[in-house]
Amino acid sequence: MKTLKKYKKIIIVIEVIALFMILYDFLIDGGAVTSLSRPQKGEGKAVEELGFSGGEESGTLEVPVSERKLSFEEEQELIRQAEEEIDETIIGKNESADSVFLPLDTRSSYASSKVQAFWTFEPMVVDAEGNIDFKDNDELLIEARADLVCGESEDRYISYIRAVKPGNETKSGFLFNLKSALKEADSEGGDELSLPSAVGESPVSFKRKPDFRGVAFAFIGIALIPVLILFDRKKDEKKKKAYNDALSKDYPVIASKLSLFIGAGIRPREAFKRISTSYEKNRRRGAPASAGFDEIERACRDMEKGVGEGDAYLSIAERTGHKDYRRLTLLLTENMKKGDRFLSAELSREEADAFEERKNRAIRLGEEASTKLVFPMILLLGSVMIMLLVPAFLGTGV
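Computed from a prediction, not measured in an experiment: that's the story for all the values here. (Residues numbered from 1 in each chain as written. Predicted model: local features only at pLDDT ≥ 70, side-chain atom pairs only at ≥ 80, totals over all residues. Heavy atoms only, no water.)

(A) Representation of the overall build of the protein in the model. When helices and strands are counted, the protein shows 11 helices and eight strands. Within the protein, the fraction of its 398 residues that count as buried is 26%. Across the protein, every contact between residues at least 6 apart in sequence was considered, and the portion connecting residues at least 24 apart equals 53%. (Helix = DSSP H or I, 4+ residues; strand = E, 2+ residues; numbered from the N terminus. Buried < 20%, exposed > 50% of the residue type's maximum accessible area, 1.4 Å probe, protein only. Contact = heavy atoms within 4.5 Å.)

(B) Structural view of unusual backbone geometry. For the bond from glutamate 122 to proline 123, the omega torsion is 0°, close enough to zero to count as cis. Turning to its location among the elements, proline 123 is positioned in the loop between strand S4 (115–122) and strand S5 (139–150). At serine 112, a position not held by glycine, the phi torsion is positive, near 60°. Relative to the helices and strands, serine 112 resides in the loop between strand S3 (109–110) and S4. Positive phi is not limited to glycine here, since serine 113 has a value of about 65°. Inspection of the secondary structure assignment puts serine 113 in the loop between S3 and S4. Its relative accessible area of 38% is what places serine 113 among the partly exposed residues.

(C) Molecular detail of the pattern of salt bridges. Going through the model one piece at a time under the given rule, you end up with 14 salt bridges. Among the salt bridges present, the one from arginine 162 reaches glutamate 139, with a minimum N-O distance of 2.8 Å. Of the two residues, arginine 162 sits in strand S6 (residues 153–164) while glutamate 139 sits in strand S5, which places them 23 residues apart along the sequence. The partly exposed category is assigned to arginine 162, whose relative accessible area is 33%. According to the relative accessible area criterion, glutamate 139 is partly exposed, its value standing at 46%. (Salt bridge = Lys/Arg side-chain N within 4 Å of Asp/Glu carboxyl O.)

(D) Examining the pairing of S4 more closely. Here S4 shows one buried face, formed by Val115, Ala117, Trp119 and Phe121, and one open face, formed by Gln116, Phe118, Thr120 and Glu122. Pairing analysis gives two bridges linking S3 to S4, with the strands arranged antiparallel. Bridge pairing in S4 places tyrosine 110 opposite valine 115. Connecting the antiparallel pair S3 and S4 is a turn made up of four residues, with alanine 111 showing a positive phi of about 55°. (Pairing = 2+ DSSP bridges.)

(E) Seen up close, helix H6 (residues 268–284). Helix length check: H6 (17 residues) gives 24 Å between terminal C-alpha atoms against 24 Å at 1.5 Å per residue, within 8%. Of the residues making up H6, those classed as buried are Pro268, Ala271, Phe272, Ile275, Ser276 and Tyr279. Within H6, the buried residues cover an arc of 135° as seen down the axis, which keeps them to one side. With its phi angle positive at about 105°, glycine 286 sits one or two positions after the end of H6. (Expected span 1.5 Å × (residues − 1). Arc of directions from axis to C-beta.)

(F) Quick look at the side chain of glutamate 297. Tracing the backbone shows glutamate 297 in helix H7 (residues 291–304). Here glutamate 297 is in contact with Ser276, Tyr279 and Glu280, once residues within four sequence places are set aside.

(G) Representation of the nonpolar core in the model. Judged by nonpolar contacts, the single largest core of 30 residues is most densely connected at Ile86, Trp119, Ile132, Ile142 and Leu148. Contributions of two or more residues to this core are made by helix H3 (72–89), S4, S5 and S6. With six residues, the top contributor of residues to this core is S5. When near neighbours in sequence (up to four residues on either side) are disregarded, tryptophan 119 contacts Ile86, Ile90, Thr106, Arg107, Tyr110, Ala144, Arg145 and Ala146. (Core = buried A, V, L, I, M, F, W, Y, C linked by side-chain atoms within 4.5 Å.)

(H) Representation of the packing of H6 against H7 in the model. H7 packs onto H6 with a crossing angle of 120° between their chain directions and a minimal axis gap of 9 Å. Taken together, H6 and H7 sit at an angle that is classed as oblique. Crossing of H6 over H7 shows left-handed handedness. The segment H6 lies against H7, with Arg269, Phe272, Lys273, Ile275, Ser276, Tyr279 and Glu280 engaging Phe293, Asp294, Ile296, Glu297, Ala299, Cys300 and Met303. Its residues assigned to classes, the contact of H6 with H7 shows eight nonpolar, one polar and five charged. (Axes fitted to C-alpha atoms, helices over the stretch in contact; angles between N-to-C directions. Parallel < 35°, antiparallel > 145°, perpendicular 65-115°, else oblique. Left-handed = near helix turned anticlockwise from the far one by under 90°. Nonpolar A, V, L, I, M, F, W, Y, C, P; charged D, E, K, R; others polar.)

(I) Geometry of the packing of aromatic side chains. Evaluation of the coordinates by the stated rule reveals four aromatic pairs. With a centroid separation of 5.6 Å and an interplanar angle of 20°, the aromatic rings of tyrosine 279 and phenylalanine 293 are classed as stacked. Placement of tyrosine 279 in helix H6 and of phenylalanine 293 in helix H7 is noted, with a sequence separation of 14 residues between them. For tyrosine 279, a relative accessible area of 7% gives the class buried. (Phe/Tyr/Trp six-rings, centres within 6.5 Å; stacked < 30°, edge-to-face > 60°.)

(J) Representation of the sheet that holds S4. One open sheet accounts for four strands, arranged S3-S4-S5-S6; its pairing is antiparallel. Strand pairing shows two members of the sheet lacking a second neighbour, S3 and S6, which therefore form its edges. Across 12 bridges, S5 lies against S6 in antiparallel orientation. Its bridge partner lying in S6, leucine 148 is registered against aspartate 155. Against the sheet, H3 touches S3, S4, S5 and S6, its axis set at about 5° to S6.

(K) Region of the structure containing the packing of H7 against helix H8 (residues 309–320). Running from amino to carboxyl end, H7 crosses H8 at an angle of 145°, the nearest separation of the two axes being 9 Å. Note on packing geometry: the crossing formed by H7 with H8 is right-handed. Residues Glu295, Arg298, Ala299, Asp302 and Met303 of H7 form the contact with H8, whose own contacting residues are Glu309, Ala312, Tyr313, Ser315, Ile316, Arg319 and Thr320. Looking at the contact of H7 with H8 residue by residue, the classes come out as five nonpolar, two polar and five charged.

(L) Representation of the pairing of S5 in the model. Strand direction decides the pairing type here: S4 and S5, joined by seven bridges, are antiparallel. Its bridge partner being in S5, tryptophan 119 is matched across the sheet by alanine 146.

Dropping the structure here:
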């Protein structure tokens, strides 16, 4: 509930915006319509979905809306603009209309698609993509005709282009002749395409282009290195967090058992041994492993192997790095120097603090879980609104 209070303002803002949108749909956008705006020339036909009611009938239907018709003067102006555009673009990437060999720019529409163009050429040596087929000619005079149509108006554009077959001196000329040779070789048919060995007097050779798949895989492998390192680091961090959480969960129980044993007059070493023995019996009965009790058991084994009692306690703090276990080992090692007189009272306070920390941790985890539920709750709210609004819209016939 605390999390919901935290996001209360955001939810209210969303709901207010949604309410204004619904009101706009019903009162403004959903009001009576007496006319529809036509699309501009070149935008194409539009379709408006409207609700209607008349007599005893009501429902929805699609209303087609054609483009706005232009006046004669507007059509003539657009055709003039199209002719100027053709003058600027027809030679394509060629440098001059007096020496053309690269494809012509023969578009199907001009003036922002408001004027349609239908091309014809004399002689018929230009294909639909604007490529020029010289055949056996080195030079051609081409008449380019474009019938321009805009609404009810028509006009014919005529231009003359001098096509000159290029030599191999320039890169663009060599590529043009090479493509022409390949096209001619392809037109021969057969089971195989015989590649030309020369273009004019210039020899030419071919080889397959490497696909560099091995290089790509090498780069992928290199790129994966930081990803894998990051993945392992995240995995280690997650594992360490789970380990620390398990230690935190076990610590209050361990502190309670130690306080109980030491309060009964049992020495810390013997208390560790009894806790370890009880844990081993529970494990043999099928109880799950516990990180904190595993550390107690390991410390007992170390002491049985001859490791000093103080060193065995300190090794717990070194292995876990956990603040609670460091504090516990400090109490135990200080006790070895000062005696057991104050250890029981210290462990009792430690036990109380540990259980208080455990309670606070449970509350904190509950709040985190509530935060994670906020987004699913928003989705659920949206689903409920859709379930309520859609039948309402359908019922009104809008």
